[in-house]
Amino acid sequence: MEYRSQKIAYWYFAAALPLFALQILLGLYLAYSYTWTVPQSVVDVFPFATARAMHTNLLVLWMLLGFMGGTYYIVPEETKSEIYSEKLAWFQLFALLATGVAALVGFLLGWTQGRPLLEIPTPLDIVVVVGALVFLFNVAMTMIKANRWTAIQGTLLGGLVFLALLYLFGIPFYRNEVIDWYYWWWVIHLWVEGAWELVTAAIFAFVLMKLTGVERQVVEKWLYVEIGLFLFTGIAGTGHHYYWIGAPRYWLWVGGIFSALEPVPILLMLIDTMHHVKERQTKIVNPLTWTYAVGCAIYHMIGAGVWGFLHTLPQINYYTHGSQVTVSHGHLAFFGAYALLNLMTFYYAMPKIRGIEVYDDSRGKYGFWIMSVAMMLIGLFFGVAGVIQSYVERVMGMGYMTAQSYMRLWMGAVFFTGLTFLAGVLLTVTDLLTLRPAKVRA
Amino acid sequence: MTKKVAFWIFLLGTVSSAVLFLAATWDTHRQVAVLSNVDKLDDRVVAGKRAFEKYNCNDCHTILGFGAYYAPDLTRVTQRIGDDGIRFAVQQPEKAFANSWRKMPNLRVTEAETADMIAFFRWVNEVNNNDWPPQDSKKRLSRGEQAMVTSAGVSPGAAVFQTKGCMNCHSLHGTGGTFGPALDHVGRKMTMEQIEHYVQDPKSVNPKSQMPPQKELSARELEEVAKFLSSLK
């Protein structure tokens, strides 16, 4: 840590970690509900829908906290200056956390906007927007005052502004269900395949540059090409969500072609990571951080790239759309692209903030491998269930619950693997919150 | 490649994709009125959409394939179970799903809200969305019917006739049931349209008819079976 205000990042990370664990706990409840019967009396007060809203909103909340913390860590080093206002950063952390808690309690009481992933009711949306504006103001002011622009800074700021702008499309009530879904995807798709990829690419480039010691010019050159391709394929690629919503037929072509290209920038990111790691100018000080970086690049490719590609073509998507195949892709992609990215950032920044040069990674190592292997299995099990569902329900036309009964075994497998995943998460969360210096080896 | 070239790749990629996307968005808005029958999108339907959101239905069910995957897709729910079916499931889920191993919560939806939701589902049912989901497609023949058509060279209507249990009561050339009349020459007495109508609601033509209305046939199946029967002269 070179600047005092970087310390604020620690509290963003520390706040994000328990929420991650809570997210998984609710996920287990969901997997349980798929496999076994939850009695009517329980379902009436705590429906699957409520648990699902909590599961997904916790995901968004902890990841946004991670991105914001990451930003507060990176910006001082990039601009070579302190954050514009530490007070605003603190205010914004508490505003976001308070909104999150209010939203979660609200869901339990049935206070919801009722649109998947965007369940947060309008009054809370306004608090989120205010918080986002404060955050953007704080980050932008730091950059403007320092006036030492770099491609990493630009990408980061651009991604964050894009992220905040898109959120606005999720707030209004749309009379027409078709238009509603059209703009719903402006938030969801353009977040995860646009704005979030920008933020991720910037954070990743920064950490990679610091870890490997590869020259900034080289890193930033790759960064431009990657985000260019991310946005080229990602923006028009939104069309793969417009196949079956009542939008014009040409979306089958636009969506099909552009999203078939979506793995390209991810593959490029993987190649460039491997290249930088090979050409590194520095010693590997903390191997686990490197493991996370490489793991993130590979998992990102598998989960988002390969799995996304597999069912993005209209001819396939006609049968797999809205099935557990989507769930399989969602889990692998979010874990690979964003959970691992955030955890990599945490493992990079948290020891530095705590003043630990070389940290003891004996627990963290297990955390990484348990989580990564368990999630890969979970993705596969969801995938098997999804293929069964697509065939039995969509091709054979045998009815929803008939298909579900054939899928039960695999959803049960998800539940038990999920328990293992939870163990990995708890280990990782504990490790990050109680990092200690490595024992010096003679 | 220099950093400057890389920057231009970024700029060009982003702008070209964004221009295409925004142009298509503009055009989609133009066309959506027809595709989604905006003329039928009245306040009742909108009230139904609000009720649908109020009870967070979409975090268990999908609609147009989006949402959670814990319960059946609702895009064609009107076609599948009808207005009464929807009302029963929403208002008395503990009865409707008493024998199911997966339950639906009773969220105390009012009668008025249920009626609004029914209007909403009826509107969604008609959205022209490239014939998704496949299991509810009106163009669809079941797998068994498809197999007979392709492998045995049977006409689609004959395949429907054989697989949908018609021959439990009716016969052709002496084969089949005797509970209903033989249909060897039914095409002499009835046209294709009359047969389609009769099969859907026998009592409206012949109040004494014992034949149950064939509601589970898809539109394509109904059309094909009527075409087949009307050809028997």
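Whatever comes next refers back to the structure up there.
In this report, we go over the structure that sits alongside the text. (Residues numbered from 1 in each chain as written. Chains lettered and ligands numbered in written order. Predicted model: local features only at pLDDT ≥ 70, side-chain atom pairs only at ≥ 80, totals over all residues. Heavy atoms only, no water.)

## A few points about the pattern of salt bridges
Opposite charge on two side chains allows them to pair when their charged atoms are near.
Move 1: For the structure shown, the criterion picks out 20 salt bridges over all chains.
Move 2: Note that lysine 49 of chain B is salt-bridged to glutamate 53 of chain B, the shortest N-O span being 2.8 Å. Here the residue lysine 49 of chain B and the residue glutamate 53 of chain B both occupy positions in helix H2 (residues 43-54), the gap between them amounting to 4 residues, near one helical turn. The exposure classification of lysine 49 of chain B matches that of glutamate 53 of chain B, with both residues buried.
Move 3: Between glutamate 224 of chain B and arginine 220 of chain B there is a salt bridge; the shortest N-O distance is 3.0 Å. With glutamate 224 of chain B and arginine 220 of chain B both in helix H11 (residues 219-230) and 4 residues apart, this pair spans about one turn of that helix.
Move 4: With relative accessibility at 28%, the residue arginine 220 of chain B sits in the partly exposed group.
Move 5: Several salt bridges share partner residues, and in doing so they unite Glu78, Arg216 and Glu220 of chain A together with Lys3 of chain B into one network. (Salt bridge = Lys/Arg side-chain N within 4 Å of Asp/Glu carboxyl O. Helix = DSSP H or I, 4+ residues; strand = E, 2+ residues; numbered from the N terminus. Buried < 20%, exposed > 50% of the residue type's maximum accessible area, 1.4 Å probe, protein only.)

## Regarding the environment of leucine 340 of chain A
All names here are of chain A.
Move 1: By the secondary structure assignment, leucine 340 is in helix H13 (residues 324-354).
Move 2: When its relative accessible area of 0% is taken as the criterion, leucine 340 is described as buried.
Move 3: For the pair leucine 340 and threonine 273, spaced 67 residues apart in sequence, the C-alpha to C-alpha distance is 15 Å.

## Remarks on the packing of helix H3 (residues 48-79) of chain A against helix H5 (residues 122-146) of chain A
Residue and element names in this part refer to chain A.
Move 1: Here H3 crosses H5 at 10°, and the two axes come no closer than 10 Å. On the basis of their axis angle, the class for H3 and H5 is roughly parallel. Along the contact surface, H3 presents Met68, Thr71, Tyr72, Val75 and Thr79, while H5 presents Phe135, Asn138, Val139, Thr142, Met143 and Ala146.
Move 2: Considering only residue class, the contact of H3 with H5 consists of 7 nonpolar, 4 polar and no charged. (Axes fitted to C-alpha atoms, helices over the stretch in contact; angles between N-to-C directions. Parallel < 35°, antiparallel > 145°, perpendicular 65-115°, else oblique. Contact = heavy atoms within 4.5 Å. Nonpolar A, V, L, I, M, F, W, Y, C, P; charged D, E, K, R; others polar.)

## A few points about unusual backbone geometry
Residues and elements named next belong to chain B.
Move 1: Look at the link from tryptophan 132 to proline 133: it is a cis peptide, with omega at 0°.
Move 2: Position of proline 133 relative to the elements: it lies in the loop between helix H5 (111-125) and helix H6 (143-151).
Move 3: Despite not being glycine, asparagine 37 shows a phi value in the positive range, around 50°.
Move 4: Take asparagine 37: it is sitting in the loop between helix H1 (3-35) and H2.
Move 5: Residue asparagine 130 is not a glycine yet carries a positive backbone phi of 55°.
Move 6: Relative to the helices and strands, asparagine 130 is located in the loop between H5 and H6.
Move 7: By relative accessible area, which is 15% here, asparagine 130 ends up buried.

## Points about the side chain of threonine 142 of chain A
Residues and elements named next belong to chain A.
Move 1: Turning to its location among the elements, threonine 142 is positioned in helix H5.
Move 2: What makes threonine 142 buried here is its relative accessible area of 2%.
Move 3: Engagement of the side chain of threonine 142 in a polar contact is seen with the backbone nitrogen of tyrosine 84, the distance being 2.9 Å.
Move 4: If sequence neighbours within four positions are ignored, threonine 142 has contacts with Val75, Thr79, Ser81, Glu82, Ile83 and Tyr84. (Polar contact = N/O pair within 3.5 Å; in protein donor to acceptor, adjacent residues only side chain to side chain.)

## Side note on the environment of phenylalanine 228 of chain B
All names here are of chain B.
Move 1: By the element assignment, phenylalanine 228 lies in helix H11.
Move 2: Overall, phenylalanine 228 belongs to the buried group, its relative accessible area being 15%.
Move 3: Taking the C-alpha atoms as reference points, phenylalanine 228 and glycine 157, 71 residues apart in sequence, are found 5.0 Å from one another.
Move 4: Setting aside anything within four residues of it in sequence, one finds phenylalanine 228 in contact with Ser155, Gly157, Ala158, Phe161 and Leu172.

## Description of the packing of aromatic side chains
Describing an aromatic ring pair means giving the distance of the ring centres and the angle of the ring planes.
Move 1: The tally for this structure, following the rule as stated, stands at 61 aromatic pairs over all chains.
Move 2: Lying across the ring of phenylalanine 173 of chain A, lysine 49 of chain B places its NZ or CZ 4.4 Å from the centre. (Phe/Tyr/Trp six-rings, centres within 6.5 Å; stacked < 30°, edge-to-face > 60°. Lys NZ or Arg CZ within 6 Å of the ring centre and 35° of its normal.)

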